[in-house]
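Survey of secondary and tertiary structure
Listed below are the residues making up each chain.
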Amino acid sequence: LYARQCRYCALNMLLICALYSIFFRLTTLRGCVLFVAISVLFFHTHPYGLAPVAALGVIALLHRTFATQRRWLWLATPAIAILTLPWLTLSSTGSELNTTPLRSIGELFERCAQAAIETTSVTPLIGSVILFFICIGAAKFSRRPERWSFKQHEVILLLCVAATVIFYGLATAITQSSDSLWLAGLRYASSLLPAIAMAAGILIAKIADGKILIWVP
């Protein structure tokens, strides 16, 4: 049991940090190979590991900042598919036993709500959302709006985290029942913990603005 939890939780958290790190430096063939390797390892640690990969891919396609990464992603995507998708076919029986198909759209909303509950119970998601709106409000009403404005690299990371949360939440909601999410929610939300912690760190630093007293309870 301990080994299984380590596989689901510890490795997921490690690999999503590695995935983000390589994604932002995906500008060489070596980076492309590492991105493929980490994506495949992430998938074989847990199939939902493809959700963050897909989220980063969508961000790269839509955001002009990632023009260089986009070129290497086109090269990486077939390799990732070849090394992951056949496994889903070979393990179709096991996948059927460990997933619960959707029966209605209403059930999807119920599952999404349960996935959100499980995510907020183990990550600083609610606090991060509150801090984000504080920054937005302060930028609108402050006499120094530039002090609250997000820099480009901060916006990019926040977008990547938001996309990861959405894709991961949808993946779990589509394949897992509300009861499964309630019983083993940490297993499915562990990957999001480091990503949301990154976002929280950016938002805390933005509000603190170098004032150490804000960090001290």
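In this report, the structure presented in the accompanying data block is examined. Just so it is clear, the structure is predicted and the values come from calculations on it, not from any experiment.

Looking at the packing of aromatic side chains
With the rule as written, the count across this model stands at nine aromatic pairs. Each ring, one from F132 and one from F150, has its centre 6.0 Å from the other, and the planes form 15 degrees; the classification is stacked. In this pair, F132 is assigned in helix 7 (residues 125-141) and F150 in the loop between helix 8 (145-148) and helix 9 (152-175), connecting sequence segments 18 residues apart. With relative accessibility at 32%, the residue F132 sits in the partly exposed group. These aromatic residues form a ring-pair network of at least three members: Y20, F23, F24, F35 and F66.

Quick notes on the packing of helix 2 (residues 29-45) against helix 4 (residues 67-90)
At a minimum axis separation of 9 Å, helix 2 and helix 4 run at an interaxial angle of 25 degrees. With respect to helix 4, the axis of helix 2 lies roughly parallel. Classified by chirality, the crossing of helix 4 by helix 2 is right-handed. Note on element contacts: helix 4 touches helix 2 through W72, L73, L75, A76, A79, I80, L83, T84, W87 and L88, opposite L29, C32, F35, V36, S39, V40, F43 and H44. Across the contact of helix 2 with helix 4, the residue classes break down as 15 nonpolar, three polar and no charged.

About the criteria used
- Residues numbered from 1 in each chain as written.
- Predicted model: local features only at pLDDT ≥ 70, side-chain atom pairs only at ≥ 80, totals over all residues.
- Heavy atoms only, no water.
- Phe/Tyr/Trp six-rings, centres within 6.5 Å; stacked < 30°, edge-to-face > 60°.
- Helix = DSSP H or I, 4+ residues; strand = E, 2+ residues; numbered from the N terminus.
- Buried < 20%, exposed > 50% of the residue type's maximum accessible area, 1.4 Å probe, protein only.
- Axes fitted to C-alpha atoms, helices over the stretch in contact; angles between N-to-C directions.
- Parallel < 35°, antiparallel > 145°, perpendicular 65-115°, else oblique.
- Left-handed = near helix turned anticlockwise from the far one by under 90°.
- Contact = heavy atoms within 4.5 Å.
- Nonpolar A, V, L, I, M, F, W, Y, C, P; charged D, E, K, R; others polar.

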